[in-house]
Amino acid sequence: MLNPMRFGRIATPEGMTFAVIDDDGTTAKQIAGTPFTEPEYTGKEWALEDVRLLAPMLPSKVVAIGRNYADHVAEVFKQSAEHLPPTLFLKPPTAVIGPEAAIKIPEFATRVEFEGELALVIGTPCKNVKAENWKSVVRGVTIVNDVSSRDLQFADGQWARAKGIDTFCPLGPWIETDLDKFDFDDLSIKAHLTHDGETETKQDSNSNQMIWKLGKIIEFITSAYTLLPGDVICTGSPAGTAEMVPGDRIEVEIAGIGSLANPVERA
């Protein structure tokens, strides 16, 4: 069992590196390896304000569960979750960006919405994981914004383009590895949209609304895919998603992890 800590990936004057972020989020201590082993500190550290937080992981794949909150199914699909159960889709790694990086909306995506979600980061190669053993393969948790072009989602009939456009997977700000500190059946999830200088809380929900819980999600995914260290699982969006346009700013907040904020620009 690895010691729990908070891992980030940062850009420093010397290049990109993994680091351990202190509890108050002010200092980054460089490590020589990756978050998948006990950290070997190099002795270098920076004030967090002097470096740039990057996406905490560059996954080989982002695996997402759609339609995992009944209220979100109702608002987007206008049907009940009973008739539209959770489903599986992928986002390419080229969609991943970090905190404060711009979500860039291309001209052909005409209704783009945010989806604030809890994300799991896989810590070990795994296949056919039983639901009750899910924590044994997860290195930690972070925040993801499953940006989605609703017009393309419904026009295409499948979700690869609508959810996989470059910059459509903000991830961060870091990975919290102390899984035991969370009550994953009662975790606050919020998203705040700033438009024309006014900030409004759009999503204000809780993980207790998940249809499939985390163990079920991992069991379902690993029955089909081998997951590798660093792979990211998006666990589904609660209700409250809304359109965002260039000039806006979206901030997703999850209790115990922190917040992930990104401006919105035209591509």
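Because the structure is a prediction, the values reported are computed rather than measured.

Chemist: How should I be thinking about the domain arrangement of the protein chain in this particular structure?
Modeler: Interfaces are often sized by the accessible area lost when the parts come together. Under the domain assignment, the protein chain is made up of domain 1 (6-54) and domain 2 (62-266). Placing a centre on the C-alpha atoms of domain 1 and another on those of domain 2 gives a separation of 25 Å. Roughly 910 Å² is buried in total at the junction of domain 1 and domain 2, and carbon and sulfur atoms are behind 62% of that figure. When the area that domain 1 buries against domain 2 is broken down by residue, the three leading residues are R6, F7 and F36, summing to 60%. Linking domain 1 with domain 2 are 3 residue pairs in polar contact (both at pLDDT 80 or more). If you list the elements that add at least two residues to the side of domain 1 that touches domain 2, you get β1 (6-12) and β5 (52-54). In terms of residue count, the dominant contributor to the side of domain 1 that touches domain 2 is β1 (3 residues).

Chemist: Would you explain the sheet that holds strand β15 (residues 188-195) in this entry?
Modeler: Paired through backbone hydrogen bonds, the strands of a sheet run either parallel or antiparallel to each other. Taking strand neighbours across the sheet as the criterion, the 5 strands line up as β9-β19-β18-β15-β16 in an open arrangement whose pairing is mixed. Edge positions in the sheet fall to β9 (103-105) and β16 (198-206), since each has one partner strand and no second. Neighbouring strand axes in the sheet, compared pairwise and without regard to direction, differ in orientation by 20° on average. In the sheet, β15 pairs with β16 via 8 bridges, with the strands oriented antiparallel. Bridging across to β16, L193 finds its partner in E200.

Chemist: What am I meant to see in the UniProt feature "domain: Rv2993c-like N-terminal" (unreviewed entry) in the protein chain here?
Modeler: The positions UniProt marks with the feature "domain: Rv2993c-like N-terminal" (unreviewed entry) are residues 5-56. Annotated as 0% helix and 56% strand, the span residues 5-56 places its first and last C-alpha atoms 13 Å apart.

Chemist: How should I be thinking about the pairing of strand β14 (residues 169-176) in this particular structure?
Modeler: Regular strands have side chains that alternate between both faces of the sheet. Among the 8 residues of β14, 8 are classified as buried, and the element is accordingly described as predominantly covered. Of the pairings in the sheet, the one linking β1 to β14 comprises 2 bridges and is antiparallel in character. Each bridged residue has a counterpart across the sheet, and for R6 the counterpart in β14 is E176. Both strand β8 (residues 96-97) and β14 contribute to a ladder of 2 bridges, which runs parallel. Paired with I97 across the bridge in β14 is P170. By the bridge criterion, 3 bridges tie strand β12 (residues 138-145) to β14 in an arrangement that is antiparallel. Following the sheet pairing, I143 is matched in β14 by G172.

Chemist: In this structure, what is going on with unusual backbone geometry? I would like to understand it.
Modeler: Where the residue is not glycine, phi is negative for most of them; where a peptide bond is considered, it is trans in most cases. Cis geometry marks the peptide bond from G172 to P173; its omega dihedral reads 5°. Within the element layout of this structure, P173 appears in strand β14. The backbone of E100 shows a phi angle near 70°, a positive value even though the residue is not glycine. Along the chain, E100 falls in the loop between β8 and β9.

Chemist: Can you help me understand the side chain of S205 in this one?
Modeler: The topology assignment puts S205 in strand β16. Once you skip the residues sitting within four places of it in the chain, S205 turns out to touch Y69, D71, L187, S188, I189 and P238.

Chemist: Which parts of the structure should I look at to understand the pattern of salt bridges?
Modeler: Going through the model one piece at a time under the given rule, you end up with 16 salt bridges. The salt bridge involving E243 is made with R111; its shortest N-O contact spans 3.0 Å. Within this pair, whereas E243 is found in the loop between β17 (232-234) and β18 (249-254), its partner R111 is found in the loop between β9 and β10 (112-113), the two being separated by 132 residues in sequence. Ionic pairing is found between E176 and K181, a salt bridge with its closest N-O pair at 3.4 Å. Take E176: its relative accessible area is 5%, and that puts it in the buried class. When salt bridges that share partners are traced, they join K91, R111, E113, E115, D146, R150, K163 and E243 into one network.

About the criteria used
Residues numbered from 1 in each chain as written. Predicted model: local features only at pLDDT ≥ 70, side-chain atom pairs only at ≥ 80, totals over all residues. Heavy atoms only, no water. Domains from an automatic or database assignment. Buried area = accessible area lost by both parts, 1.4 Å probe. Polar contact = N/O pair within 3.5 Å; in protein donor to acceptor, adjacent residues only side chain to side chain. Helix = DSSP H or I, 4+ residues; strand = E, 2+ residues; numbered from the N terminus. Pairing = 2+ DSSP bridges. Axes fitted to C-alpha atoms, helices over the stretch in contact; angles between N-to-C directions. UniProt positions renumbered as here; feature names shortened; annotations may be inferred. Buried < 20%, exposed > 50% of the residue type's maximum accessible area, 1.4 Å probe, protein only. Contact = heavy atoms within 4.5 Å. Salt bridge = Lys/Arg side-chain N within 4 Å of Asp/Glu carboxyl O.

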